[in-house]
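Residue strings, one per chain:
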Protein chains: 2
Amino acid sequence: QGTRDHPPAQAALRDRLLSAVVSCFKRHGAAAIDTPVLELRETLMGKYGEDTKLIYELQDQGGELLALRYDLTVPFARYLAMNKVTNMKRYHVAKVYRRDNPATTRGRYREFYQCDFDIAGQFDPMIPDAECLKIVHEILSDLQLGDFVIKVNDRRILNGVFAVCGVPESKFIPACSTVDKLDKMPWEEVRSEMVGEKGLSPEAADRIGEYVQLHGGLDLIERLLQDPKLSQNKLAKEGLGDMKLLFEYLTLFGITGKISFDLSLARGLDYYTGVIFEAVLLQQENEHVEEPVSVGSVAGGGRYDGLVGMFDPKGRKVPCVGVSIGIERIFSILEQRLEASGEKLRTTETQVLVATPQKHLLAARLKLISELWDAGIKAEMLYKKDPKLLKQLQYCEDTGIPLAAIVGEQELANGVVKLRDVATREEVRI
Amino acid sequence: QGTRDHPPAQAALRDRLLSAVVSCFKRHGAAAIDTPVLELRETLMGKYGEDTKLIYELQDQGGELLALRYDLTVPFARYLAMNKVTNMKRYHVAKVYRRDNPATTRGRYREFYQCDFDIAGQFDPMIPDAECLKIVHEILSDLQLGDFVIKVNDRRILNGVFAVCGVPESKFIPACSTVDKLDKMPWEEVRSEMVGEKGLSPEAADRIGEYVQLHGGLDLIERLLQDPKLSQNKLAKEGLGDMKLLFEYLTLFGITGKISFDLSLARGLDYYTGVIFEAVLLQQENEHVEEPVSVGSVAGGGRYDGLVGMFDPKGRKVPCVGVSIGIERIFSILEQRLEASGEKLRTTETQVLVATPQKHLLAARLKLISELWDAGIKAEMLYKKDPKLLKQLQYCEDTGIPLAAIVGEQELANGVVKLRDVATREEVRI
């Protein structure tokens, strides 16, 4: 349940999509690493908040207690700490596992690919963070998925907001995970969850509401830097200062048109400590709809400066920032688009079919195809002793093989091969 | 235990190796498929004989009982049956899991990659089988692993041998798995296991010994086809007839020089029904050693005509033949070779580092690198506001970046960039 086989047409589309993402990661100088699908259970515990219950555990068959990785970020942090690596730019494309309720039509599975790019190391502020946003912008533009917006916020700003609204520090995390629901439910419902389930005072909730419904650009940052309450809060001030710097760098990258500083963005995971971001696709422009509607998140990430330290015996921290591309949702979109277009994706790369027009020529086919393979040419033949020529040409048409190399008695006698263009039916002897 | 992280240098080497294997599979017209790492437990049970105990099971957390795949062959058969596919040439490169005793120095892990190529469908005999052997020959030649031999046998010939030696049919499988140990222990020990543990008569064991110590080529096949006892056995006769045909095709492929018809080859798995084969590397020729010594199996496979039927409700069979490349052992060899050579593999593909020679030029770097990325050029910069030029050039040398694009105050004023070849120190203005 919640997993799937990829038949050749899907596998080919996925390969194409993954290589577009990987080539962007390589363009930014990232190296590949690989970690096991299996992690020690204790490595994963206490990293995912409420979602810890979604971790797949292996049966105790003797030896270590194991679980399947839930994402690629925690294994990366474990890798850095274990190998005492303090400086690294890496990408990792691999499957992760979550015992969630699958919603396969919306591209939500229990086994799915993640494509992560992360920068670890102590650097000058916001330079790596800006690069992560540039990467999201490049990938979503390259894939031509339509209009999108990248929402940006900072955990320090959110925590500052909570503080100045009178939320006690012990309730920052629950308040944060409630704010995170603002993209799925209206403010009224979020407010009542805050007051009801999370035990915030109605006044605090109302004050939070005034902040988290704000979104904008540099102008909003400037306004909040002047906000009488927020500007007094150390965390918020730091976050806003860095946000301003981030916007400066994003302006130099020329991508602020797609960036929205959005105070409602909270992100579910516990480990974020600074900038957070999430990219959402906007529905195709439509005359009947006034404002574009979000059709869901396709990338997300942020800064997590404390995670590596959790795996280091001495708690040594390695600041990190990273992005994860939501490849499954993008794959669903591309698949639907391909289906709608009626275009057929080739599932093989075969360049030439080795064919014979008469019987008793299997030996000739085997000799010729062997020569082609040895020359690095992608070649196939039918696995029949005496296939009909029509069947052989039909196979080319069905599978998109552009050329047929035909060797008959005449060609054998003359030491030539007849090369036929399957589409135009033109033939040359070579 | 028995798993490992791949740091960038290893990941880069592995990528190179896997793409060599995949490009061979594509050259032979195979399409990619992907199946989940998780399979239903019942799918895997009863397929691996004694090795079933090595399957990793997931904890029962509610829902289906799951296990991690043990190989890629059983999932492929399950895929064919589930989707009623009767004709397919596919490859699959993915990780599999075995709770075995790890021997990491010899490249034996609990999580490891398999690279499989299989041909499913009802075809004329031995044509797909010959192609599998051609593939093994191409890959081992391409990778320049040194001398190798591909041992070939047929389960029908082995069963025929057991029958004419007086082994009851119920003991064919245990006899087979004992013969399989002949590559690791001398005949005397194999014989005593047959008589002791497996309960064969000493006379039967001696008669088997005469056959399974034979190996050769077409001449041996011809001799066994004339063997008074074996030629009377229907299975053996079929197997030997097909073996002769196989050698005919391999002669046309020009690869019989590396093929040995070897009656001691048995292969461990239950599901083989016809041709079986295994490639072993031979130790480098050495004046002190008379005959080359085997250093272990690097590829194996065979025909399994009954496996798909086990997953079909009506038991409909789909004949299959396939090969699995032992990528981990090959990886160990290449890694050791690389280490010995002292050659350093680049882990990134960055073409140019964007650098500045003076302070206060971060904006210029950000603008230039953004242009380069947008033009598809692989570019990096240091994440410092004011890095020293020497540090920037040092980074190029450390990571193998061939070019530095330097933009200083002078260049900014003139609207040019100074492009420096890191190795030769030559500079041009562009």
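Residues numbered from 1 in each chain as written. Chains lettered and ligands numbered in written order. Predicted model: local features only at pLDDT ≥ 70, side-chain atom pairs only at ≥ 80, totals over all residues. Heavy atoms only, no water.

Draft legend 1. Up close: the interface of chain A and chain B. With 78 residues of chain A at the contact, the number on the chain B side is 78 residues. When chain A packs against chain B, close to 6600 Å² is buried across both sides, 56% of that on carbon and sulfur atoms. The tally of links between chain A and chain B comes to 10 salt bridges. A salt bridge links Lys26(A) to Glu349(B); the shortest N-O distance between them is 3.0 Å. On the surface where chain A and chain B come into contact, there are 42 residue pairs in polar contact (both at pLDDT 80 or more). For the side of chain A that touches chain B, the residue count by class is 37 nonpolar, 16 polar and 25 charged. (Contact = heavy atoms within 4.5 Å. Buried area = accessible area lost by both parts, 1.4 Å probe. Salt bridge = Lys/Arg side-chain N within 4 Å of Asp/Glu carboxyl O. Polar contact = N/O pair within 3.5 Å; in protein donor to acceptor, adjacent residues only side chain to side chain. Nonpolar A, V, L, I, M, F, W, Y, C, P; charged D, E, K, R; others polar.)

Draft legend 2. Spotlight on the packing of helix α4 (residues 127-142) of chain A against helix α12 (residues 362-374) of chain B. Running from N to C, α4(A) and α12(B) cross one another at 25°; their axes reach a closest spacing of 12 Å. Between α4(A) and α12(B), the interaxial angle falls into the category roughly parallel. The hand of the α4(A)/α12(B) crossing is right-handed. Within the contact between the two elements, α4(A) uses Ile127(A), Glu131(A), Lys134(A) and Glu138(A) and α12(B) uses Leu362(B), Ser370(B), Trp373(B) and Asp374(B). Residues belonging to the contact of α4(A) with α12(B) are distributed by class as follows: 3 nonpolar, 1 polar and 4 charged. (Axes fitted to C-alpha atoms, helices over the stretch in contact; angles between N-to-C directions. Helix = DSSP H or I, 4+ residues; strand = E, 2+ residues; numbered from the N terminus. Parallel < 35°, antiparallel > 145°, perpendicular 65-115°, else oblique. Left-handed = near helix turned anticlockwise from the far one by under 90°.)

Draft legend 3. Region of interest: empty space enclosed by the protein. Applying the stated criterion across every chain yields a total of 4 cavities of 30 Å³ or more. Its volume calculated, the largest cavity comes out at about 100 Å³. What lines the largest cavity is a set of 13 residues, among which Tyr56(A), Gln59(B), Gly62(B), Glu64(B) and Leu66(B) lie closest to the centre. Taken together, the residues that form the lining of the largest cavity break down as 4 nonpolar, 4 polar and 5 charged. Roughly 80 Å³ of internal volume is contained in the second largest cavity. Taken together, Lys151(B), Val179(B), Asp180(B), Leu182(B), Asp183(B), Ser264(B), Leu265(B), Ala266(B) and Glu278(B) make up the full set of residues lining the second largest cavity. Within the lining of the second largest cavity, the residues separate by chemical class into 4 nonpolar, 1 polar and 4 charged. (1 Å grid on protein atoms, 1.4 Å probe; cavity = no way out; pocket = protein on both sides within 12 Å on 5 of 7 lines; lining within 4 Å. Points joined across faces, edges and corners; volume = space filled by probe spheres on them.)

Draft legend 4. Structural detail: the relation of the copies chain A and chain B. Take chain A, turn it by 180°, move it 0.0 Å along the axis, and it overlays chain B with an RMSD of 0.0 Å. Accordingly, the operation relating the two chain copies is best matched by a two-fold axis. By residue overlap, the copies meet face to face through one surface: 100% of the interface positions of chain A are interface positions in chain B. (Least-squares fit on C-alpha atoms with pLDDT ≥ 70 in both.)

Draft legend 5. Inspection of the UniProt feature "binding site: L-histidine" (unreviewed entry) in chain A at higher detail. Residue and element names in this part refer to chain A. The residues that UniProt annotates with the feature "binding site: L-histidine" (unreviewed entry) are Asp71, Leu72, Thr73, Arg98, Gln114, Asp118, Arg267, Tyr271 and Tyr272. Position of Asp71 relative to the elements: it lies in the loop between β3 (66-68) and α3 (73-82). Contacts of Asp71, omitting those with residues within four sequence positions, involve Tyr48, Val96, Arg98, Gln114 and Tyr271. Only 2.7 Å separates the side chain of Asp71 from the side chain of Tyr48, close enough to count as a polar contact. Within the fold, Tyr272 resides in the loop between β8 (259-262) and β9 (275-282). Residue classification places Tyr272 among the buried residues on the basis of a relative accessible area of 8%. In contact with Tyr272, other than residues within four places in its own chain, are Arg155, Arg267, Gly301, Gly302, Arg303 and Tyr304. (UniProt positions renumbered as here; feature names shortened; annotations may be inferred. Buried < 20%, exposed > 50% of the residue type's maximum accessible area, 1.4 Å probe, protein only.)

Draft legend 6. The arrangement of the sheet that holds strand β14 (residues 403-406) of chain B in detail. Residues and elements named next belong to chain B. One open sheet accounts for 5 strands, arranged β13-β12-β14-β15-β16; its pairing is mixed. Either end of the sheet is taken by a strand with one partner, and the two such strands are β13 (379-380) and β16 (427-429). Relative to β14, strand β12 (residues 352-355) runs parallel, the two sharing 4 bridges. Bridged to Ala355 within β14 is Ile406. Taken strand by strand, helix α13 (residues 389-399) contacts β12, β13, β14 and β15 (418-421), and its axis lies near 175° from that of β12. (Pairing = 2+ DSSP bridges.)

Draft legend 7. Fine view of the sheet that holds strand β16 (residues 427-429) of chain A. Residue and element names in this part refer to chain A. Taken in spatial order, the 5 strands line up as β13-β12-β14-β15-β16 in an open sheet, and their pairing is mixed. The two strands at the open ends of the sheet, each matched to only one other strand, are β13 (379-380) and β16. Set on the sheet, helix α12 (residues 362-374) makes contact with β12 (352-355), β13 and β14 (403-406); between it and β12 the angle comes to about 155°.

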